[in-house]
Amino acid sequence: MSASAEPAPEPVPLSKLKDQFLNATSSTYLEELEERYRSNPKSVDKSWASFFHSMDMGVSAEAVAEAYDAFERGEVTSPLSAAAISNQTIQESMRLLLMVRAFQVMGHYAAQLDPLGLDERPAVKELDPAYYGFTEQDLDREFYLGTWNMEGFMAESRPVRTLREILARLRETYCGSIGYEYMHIPDSERCNWLRARIETAERQEYSQEEKLRILDRLTWSEMFESFLANKYTAAKRFGLEGCEALIPGMKALIDRSADMGVESVVIGMPHRGRLNVLANVMRKPMEQVFSEFAGRKPVKEMEGDTYMGSGDVKYHLGTSYDRPTISGKQIHLSLLANPSHLEAVNTVAMGKVRAKQYYSGDNARTANMPILLHGDGAFAGQGIVYEALDMSQLPEYTVGGTIHLVVNNQVAFTTDPKKSRSSPYCTDVAKALACPVFHVNADDAEAVVRVFELAAEWRQTWKGDVVIDLIGYRRYGHNEIDEPMFTQPLMYQAIKRHKNALNVYQDKLLREGSVPKEQVRAISDKVQKLLHDAFEGAKDYKPKKGDWLSSYWAGFMSPHQHSRIRNTGVPMDLLKEVGYAVTKLPEGFTPHRQIGKVYEARRHMVDTGEGVDWGMAEALAFGTLLAEGNHVRLSGQDVERGTFSHRHAVLHDQKQGTTYTPLEHVFHGQRPKQFTVSNSSLSEYGVLGFELGYSIENPNALVIWEAQFGDFANGAQIIFDQFLSSGEAKWLRQSGLVVLLPHGYDGQGPEHSSGRMERFLQMVDEDPYQLPTIDESKWFVGGHLGSQIQSCNWQVVNCTTPANYFHVLRRQLHRQFRKPLVMFSPKNLLRHPLAKSPLAEFSETPTEKDIQGVRFKRVIMDESSTDRSFDPPKQPDVKRMVFCSGKVYYELAAERAKQGKQGEVALLRLEQLAPFPFDLVMRELRRFPNAEVVWTQEEPMNMGAYLHVQPRLQRSMEAMGREVPLRIKYSGRPSMASTATGFGEVHAQEQADLINKALDLNY
């Protein structure tokens, strides 16, 4: 019999083995054992095999003995670990560590992530043990990894395992249905936290109860889509087929989040799967979903003051509900309405969450959480994704972490991934912000639920963003009536052969015996019946009135419920109290010398009641609103100082480097963050969306976004077009957001002159030929005024006095509705010697001239006019009425005075361009019955306000019975492709020409 065939001897007791190692008392026996080992390593006891291998690798018997001593002292946890330790050389330990690390870093490349099996990837050589010098003979050797200060597989408490077992667990963990990416995170504590939950000693299994819950939720998800497909065969619904596991994943995420303290979730998502989320996650009544699918209006008829807006397609609509979780806790879910512009809703949702955190006192950011859903093409392709990620940890924009769910169809409309991104994954942009990324096969429902729960735990623990890449497919085309075989024939051949996720999971449960077949069928039958009953119930479903009122918004009015605008003046005592508070600096604070003079000048304005400039007027508006209990938030690029160094809301101590914000100290007991001013990231799109979201949470706040220059606002055009100008009409949601766009022609060239006024005016939903109803009995108290603004989608103003700026800001909050305000703010008027206002114009006590009350002046009359009544005395000697808007007025006034034409030319400032002040324009037409009408502007003819005001001026003249010219006389720059010239001399000549032309009575 050969040596290899002989039976292995009995294991030698550790104590004797140690003695034999040290003393070699049985050298003949050792030689015999070594012969057996050389012939067949498996024929000897594992301890001896480890010993001989250690000797081959140069480990001394003394080192092996010391390892056994370590076991006997209790320093290692397994009787075999001592042998394993002794067996490993430093080189082997390092190679083993490198192999484990390779799985942690690159294991996701070998993970089984594609349900269709079409994603062919090259083998990752670093995941092959042979790459590290391990052979077949090493597979059954025992190794110990617990010598590192790490969690997971390399934790000291982990048992010794054979290399075969270690590899199996590594592959199971990192190369199964989940691909983890976290090794890019530069924080060992966070990485260890993840390892402890990912690298478990044994595979984690769900209980039967948990599996039944997953099955039930997956059944609802899949059968909802198939039910809609059967009932509405020709309708677009942008279904979830191919990623149905999103629903059990989201519900598990919400359950786990609620258990960890989340009370409110704001969800932003695109159209893909939206109906399924509405029905099965938000729990919007199925009858309502089916009713809306049939295209029924939100209300049966336009009854009374009910406003239903223009509406939107069903897969853009939002809703909010309270729902219980598995543990019995209540959680509030809000799904924001959104346009088809992918990812545009991202920062809107974040802003709404930040506002919730402020109003609820959630300073720890644990009770309110955003969830954002994305498409694979959009997450990689839309720049707003990075803007949102970049804002995630900024002090005044962080929301304590966002959970990002990428519903990855592996195709963007018709574009393959290789043509839509330059990186391996659509989620790679998130790694720039050190977010963990969990890729998961959408056909493995349990793996999906596991990573969704892990994401919830990460967010609540670390207050940071986390990304889940749910990799599935799209069973139909971009929509259900699209033909995907045109562009992805191989993929869709595979999809036609592929079982859906529900069938895959049902088969798994039946195969492992977790759930009996009868129970699987019973769940399907129950869901089918409930869907059918809801469908039948939808036929008699009575749509409810549009949802206007919710919590903070109770009592606010829709566009059909007319509201008055209150006076916006403030008692003089309060004005002075606030004025002194916002100009007071703490003892020992050393401001910059120039800023110190600015604050001294502001205090002098309060003392004398004269010469209030733009910066002080703004501070008074903010301060008085704060004193009334309102919240004020201002953000944008460089807003703390102000682009033009006029605001200085945050002061910097020149010796200590500390900061002081006077508006945080207006009155005793002022709430922390009641006044918030913050420089933003260099983003327009993302930050404007954030502030819009902030503004829709609570009406009792003045929320302002200021552009660095108005010219740069077009970087946020999607927010203006799809949300701000039309959100109320489409989704019945009001916003009082203020947008400040620095505007004015000062010779600074085409990118620093124009806020593109014409674009905002073009979006006004006002009929230029329809005069508003004017009730003269209410004219002085603002009755018609309020209703006109209410029925318009937003306000566009161009103020020329600090007092008017003060009042327009306060007007935003002193009424029973909210409308966006787009204001073209000045640049050179910030320090213009004539652009000053007396403090009396801010007071609540009207002068004889202000018989309408103290409020924002939509039209500022010519200085020669004093009567503001509806039918003023006529001034027949005036030959020309020059209407204008903005800072050009001051140049016109200066030149008029120079030419001595005050009695012949009246200058009228349209401070509010939309809604158009028909009533006040008609008043001025009555006042000057013999004057011709001219419009003057700095902007080119095809820009600015000319094309907006022309038909409205004509309609006003027609209503007054005056002869209406074919076109209103125009004095301004000619039509241009660029907003302004870049040549200083040309600018100056153009400006002089348009001023002279406006005053030339022969023109």
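Residues numbered from 1 in each chain as written. Predicted model: local features only at pLDDT ≥ 70, side-chain atom pairs only at ≥ 80, totals over all residues. Heavy atoms only, no water.

(A) Here's a closer look at helix H28 (residues 802-811). Buried residues dominate H28, accounting for 10 of its 10 residues. Among all positions of H28, only Pro 802, Ala 803, Asn 804, Tyr 805, Phe 806, His 807, Val 808, Leu 809, Arg 810 and Arg 811 are buried. (Buried < 20%, exposed > 50% of the residue type's maximum accessible area, 1.4 Å probe, protein only. Helix = DSSP H or I, 4+ residues; strand = E, 2+ residues; numbered from the N terminus.)

(B) Inspection of the packing of aromatic side chains at higher detail. Summed over the entire model, instances satisfying the criterion amount to 27 aromatic pairs. Ring geometry for Phe 709 against Phe 712: centres 5.7 Å apart, planes inclined by 65°, an arrangement best described as edge-to-face. The partly exposed category is assigned to Phe 712, whose relative accessible area is 22%. Both rings, one in Phe 916 and one in Phe 918, keep their centres 4.9 Å apart while their planes meet at 70°; by these two values the pair is edge-to-face. With a relative accessible area of 1%, Phe 918 lands in the buried category. (Phe/Tyr/Trp six-rings, centres within 6.5 Å; stacked < 30°, edge-to-face > 60°.)

(C) Up close: the packing of helix H8 (residues 188-198) against helix H16 (residues 445-462). Contact pair H8 / H16: the axes reach a minimum separation of 12 Å and the direction vectors enclose 150°. The angle between H8 and H16 places the two elements in the roughly antiparallel class. Helix-helix and strand crossings are classified by hand; for H8 and H16 the assignment is right-handed. Residues Glu 189, Arg 190, Trp 193, Leu 194, Arg 197 and Ile 198 of H8 lie in contact with H16, whose contacting residues are Leu 454, Glu 457, Trp 458, Thr 461 and Trp 462. (Axes fitted to C-alpha atoms, helices over the stretch in contact; angles between N-to-C directions. Parallel < 35°, antiparallel > 145°, perpendicular 65-115°, else oblique. Left-handed = near helix turned anticlockwise from the far one by under 90°. Contact = heavy atoms within 4.5 Å.)

(D) Quick peek at the packing of helix H10 (residues 246-259) against H16. Between H10 and H16, the shortest axis-to-axis distance is 8 Å and the interhelical angle comes to 35°. Seen along the crossing, H10 lies across H16 with a hand that is right-handed. Residues Leu 246, Pro 248, Gly 249, Met 250, Ala 252, Leu 253, Arg 256 and Ser 257 of H10 touch H16, and the partners they reach there are Val 448, Val 449, Phe 452, Glu 453, Ala 456, Glu 457 and Gln 460.

(E) Representation of unusual backbone geometry in the model. Of the consecutive residues Ala 914 and Pro 915, the connecting peptide bond is found in the cis state with omega at -5°. Within the secondary structure, Pro 915 sits in the loop between strand E22 (912-914) and helix H30 (918-927). In the Ramachandran plot, Glu 343 falls in the positive-phi region, its phi being about 75° despite a non-glycine side chain. Looking at where Glu 343 falls in the secondary structure, it is placed in the loop between strand E6 (330-335) and helix H13 (346-360).

(F) A look at the sheet that holds strand E8 (residues 403-408). The sheet built from eight strands is open, its strands ordered E3-E9-E10-E8-E7-E4-E6-E5 with mixed pairing. Here the strands that pair on one side only, and so sit at the sheet edges, are strand E3 (178-181) and strand E5 (319-324). Between one strand axis and the next, the sheet turns by 20° as a mean value, whatever way the strands run. In this structure, strand E9 (residues 437-441) lies alongside strand E10 (residues 466-471), joined through five bridges in parallel fashion. Looking at the pairing, Phe 438 lines up with Ile 468 of E10. (Pairing = 2+ DSSP bridges.)

(G) A look at the pattern of salt bridges. Summed over the entire model, instances satisfying the criterion amount to 53 salt bridges. Asp 746 is the salt-bridge partner of Lys 827, the closest N and O atoms lying 3.7 Å from each other. With a gap of 81 residues between them, Lys 827 in the loop between strand E18 (821-823) and strand E19 (859-860) and Asp 746 in the loop between strand E16 (738-740) and helix H26 (757-762) connect regions that are remote in the sequence. Look at Asp 746 and you get partly exposed, because its relative accessible area is 25%. Of the charged contacts, one joins Glu 924 and Arg 923 as a salt bridge, the two residues approaching to 2.8 Å between their closest N and O atoms. Sharing partners across several salt bridges, the network here consists of Arg 169, Glu 172, Arg 203, Glu 205, Lys 211, Glu 446, Lys 508 and Glu 512. (Salt bridge = Lys/Arg side-chain N within 4 Å of Asp/Glu carboxyl O.)

(H) Fine view of the pairing of strand E15 (residues 701-706). In terms of residue burial, E15 counts as a mostly covered element, since six of its six residues are buried. Side-chain alternation along E15 places Ala 701, Val 703 and Trp 705 on one buried face and Leu 702, Ile 704 and Glu 706 on a second face that is also buried. In the sheet, strand E11 (residues 631-636) pairs with E15 via six bridges, with the strands oriented parallel. Of the residues in E15, the one forming a bridge with Ser 635 is Trp 705. Here E15 pairs with E16 via three bridges, running parallel. What sits directly across from Trp 705, in E16, is Val 739.

(I) Broad picture of the pairing of strand E21 (residues 905-910). In terms of burial, E21 is largely enclosed, as six of its six residues are buried. Burial along E21 is two-sided: the face carrying Val 905, Leu 907 and Arg 909 and the face carrying Ala 906, Leu 908 and Leu 910 are both buried. Here E19 runs beside E21; their pairing, made up of two bridges, is antiparallel. Directly across from Ile 860, in E21, lies its bridge partner Arg 909. Bridge analysis of strand E20 (residues 880-884) against E21 gives five bridges, and the strand direction is parallel. Following the sheet pairing, Cys 884 is matched in E21 by Arg 909. Taking the sense of rotation as the criterion, the β-α-β connection linking E20, helix H29 (residues 888-899) and E21 turns out right-handed. (Right-handed = clockwise from strand over helix to strand, strands pointing away.)

(J) The arrangement of H8 in detail. Inspection of H8 places Cys 191, Asn 192, Trp 193, Leu 194, Arg 195 and Ile 198 among the buried residues, and these make up the whole buried set. Considering only its buried residues, H8 is in contact with helix H6 (90-106), helix H7 (163-174), E3, E9 and H16.

(K) Up close: the environment of Leu 372. Within the secondary structure, Leu 372 sits in strand E7 (residues 368-375). The spacing of Leu 372 and Glu 343 is 29 residues in sequence and 8.8 Å in space, taken between C-alpha atoms.

(L) Fine view of the nonpolar core. One finds Leu 246, Phe 290, Ile 371 and Leu 405 to be the most contacted residues of the largest nonpolar core, which totals 104 residues. If you tally residues by element for this core, the top one is H16, at 11 residues. In this structure Leu 405 touches Leu 246, Met 250, Leu 253, Ile 371, Leu 372, Leu 373, His 374, Phe 452 and Ile 468, once residues within four positions along its chain are discounted. Ranked by size, the runner-up nonpolar core spans 75 residues in total, among them Tyr 685, Val 703, Phe 760 and Cys 792. (Core = buried A, V, L, I, M, F, W, Y, C linked by side-chain atoms within 4.5 Å.)

(M) Spatial organisation of the environment of Arg 811. Position of Arg 811 relative to the elements: it lies in helix H28. Here the alpha-carbon distance between Arg 811 and Arg 566, two residues 245 residues apart in the chain, equals 7.6 Å. At a separation of 3.0 Å, a polar atom in the side chain of Arg 811 contacts the side chain of Gln 912. (Polar contact = N/O pair within 3.5 Å; in protein donor to acceptor, adjacent residues only side chain to side chain.)

(N) Broad picture of the side chain of Asp 428. If you trace the backbone, Asp 428 turns up in the loop between E8 and E9. Among the polar contacts listed, one links the side chain of Asp 428 to the side chain of Ser 423, at a separation of 3.2 Å.

(O) View of the sheet that holds E19. Within the open sheet, the five strands sit side by side as E19-E21-E20-E23-E24. Their pairing is mixed. The strands lining the two open edges of the sheet, one partner per strand, are E19 and strand E24 (969-973). Those strands touched by H30 are E19, E20, E21 and strand E23 (932-940), and its axis lies near 160° from that of E20.

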